[in-house]
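Chain residues, written in single-letter form:
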Amino acid sequence: MKLIERSQLAGMNIHYRYFSFEYFLESQMQAGFQTIELWAGSPHFFLSDMEYADCVRIRHMLRDLGLTVKVITPENCCVPFQFAAADPELYRRSFSYFRKGLDAGEELGCEIMAVHSGRGNLNEDREEAWKRGRDMLARLADYARTKGITLAMESLRPQETNLAVTLKDVKRMFDEISHPNFKAMIDTCAMGVSGENPEQWFQVMGAGNIIHMHFVDGLPYGHLIWGDGRHDLASWLNILKKYHYHGLLSQEITALDYCYEPAKADQRNYQMFVPYMN
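Residues numbered from 1 in each chain as written. Predicted model: local features only at pLDDT ≥ 70, side-chain atom pairs only at ≥ 80, totals over all residues. Heavy atoms only, no water.

Engineer: I keep staring at the state of the cysteines and nothing clicks. Help me out?
Structural biologist: Scanning all chains against the criterion turns up 0 disulfides. The thiol sulfur of Cys 78 is not disulfide-bonded, and the nearest other cysteine sulfur, from Cys 77, lies at 6.2 Å. The class for Cys 78 is exposed, based on a relative accessible area of 71%. Residue Cys 110 stays outside any disulfide, its sulfur separated by 8.4 Å from that of Cys 55, the closest cysteine. Cys 110 sits in the buried class, given a relative accessible area of 5%. (Disulfide = S-S within 2.5 Å. Buried < 20%, exposed > 50% of the residue type's maximum accessible area, 1.4 Å probe, protein only.)

What follows is the structure, encoded as structure tokens:
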């Protein structure tokens, strides 16, 4: 049964961090992917608050292998830059960092930049941190509009943030920013940890406001390849079809076990989707 287009399934390079970027791209082509979401992190893509990697070179590499990049995701867990930084200087530099991510995204031809709410200090008023994250995301949405890019905000697990953890939190941020270049995305790991499901997200956010997904298996913890977790792939794909979702299903695989043989993991993962493409 055809539930998705082949071009909707997007590979991601975060679990290739022990391998070269060239190896990642070749592995995507061999697995069957046509589209990628670029994790803009070292050692594959240098991004700072002042400069970024040579996008012309990367575009040529993608073109030569018949791949396209539709989404850029600046690294925001292992770098100091974050959306709700409490220190004024770090907050300023964080804005510059994510703005550079949008500049790079424009050069690469991306349509979306994946974001989240940021994190507040646990010894401060959560609302103060929320305001900082909201204000930065609103400013970035303004800048994204000039680049032809839309921000897509995901929820995170409670171990990762004290701000947008649930669907309710994402809806609040969406309503408060209220910007045409600021939409929502589903991260199925964070969604599962919060006890939510895709249908609830579409019902609350509205189908047109969910433009991207990190669509992975889980227990619900763990960003796992499909078949290694407990989620029902066919059921979820049918929900996406029901709500006419045509965005990407990025495979944000982060479990350490996959990092040593990422190409083998991607090949096995891709095959799980094949029955739903034909």
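Engineer: For this particular structure, what's the right way to read the packing of aromatic side chains?
Structural biologist: The description of an aromatic ring pair uses the distance of the two centres, along with the angle that the planes make with each other. Taken as a whole and assessed by the stated rule, the structure comprises 17 aromatic pairs. Between Tyr 97 and Phe 98 the ring centres are 5.0 Å apart and the planes differ by 75°, which places this aromatic pair in the edge-to-face class. For Tyr 97, a relative accessible area of 1% corresponds to the buried category. Taking the relative accessible area as the measure of exposure, Phe 98 reaches 0% and is therefore buried. Every member of this aromatic cluster is reached through a ring pair, and the members are Tyr 16, Phe 19, Phe 21, Tyr 23 and Phe 24. A cation over an aromatic ring shows up here: Arg 17 above the ring of Tyr 18, its NZ or CZ 5.5 Å from the ring centre. In this arrangement the basic side chain of Arg 172 is found over the ring face of Trp 130, its NZ or CZ atom lying 4.2 Å from the centre. (Phe/Tyr/Trp six-rings, centres within 6.5 Å; stacked < 30°, edge-to-face > 60°. Lys NZ or Arg CZ within 6 Å of the ring centre and 35° of its normal.)

Engineer: Quick question: what am I supposed to make of the packing of helix H3 (residues 88-108) against helix H4 (residues 126-147) here?
Structural biologist: Put simply, H3 and H4 touch, their axes get as near as 10 Å, and they point 30° apart. Classified by the interaxial angle, the pair formed by H3 and H4 is roughly parallel. Between H3 and H4 the crossing geometry is right-handed. Contact residues: H3 offers Tyr 91, Ser 94, Phe 95, Phe 98, Arg 99, Leu 102, Asp 103 and Glu 106, while H4 offers Arg 132, Asp 135, Met 136, Arg 139, Leu 140, Tyr 143, Ala 144, Thr 146 and Lys 147. Taken together, the residues that form the contact of H3 with H4 break down as 8 nonpolar, 2 polar and 7 charged. (Axes fitted to C-alpha atoms, helices over the stretch in contact; angles between N-to-C directions. Helix = DSSP H or I, 4+ residues; strand = E, 2+ residues; numbered from the N terminus. Parallel < 35°, antiparallel > 145°, perpendicular 65-115°, else oblique. Left-handed = near helix turned anticlockwise from the far one by under 90°. Contact = heavy atoms within 4.5 Å. Nonpolar A, V, L, I, M, F, W, Y, C, P; charged D, E, K, R; others polar.)

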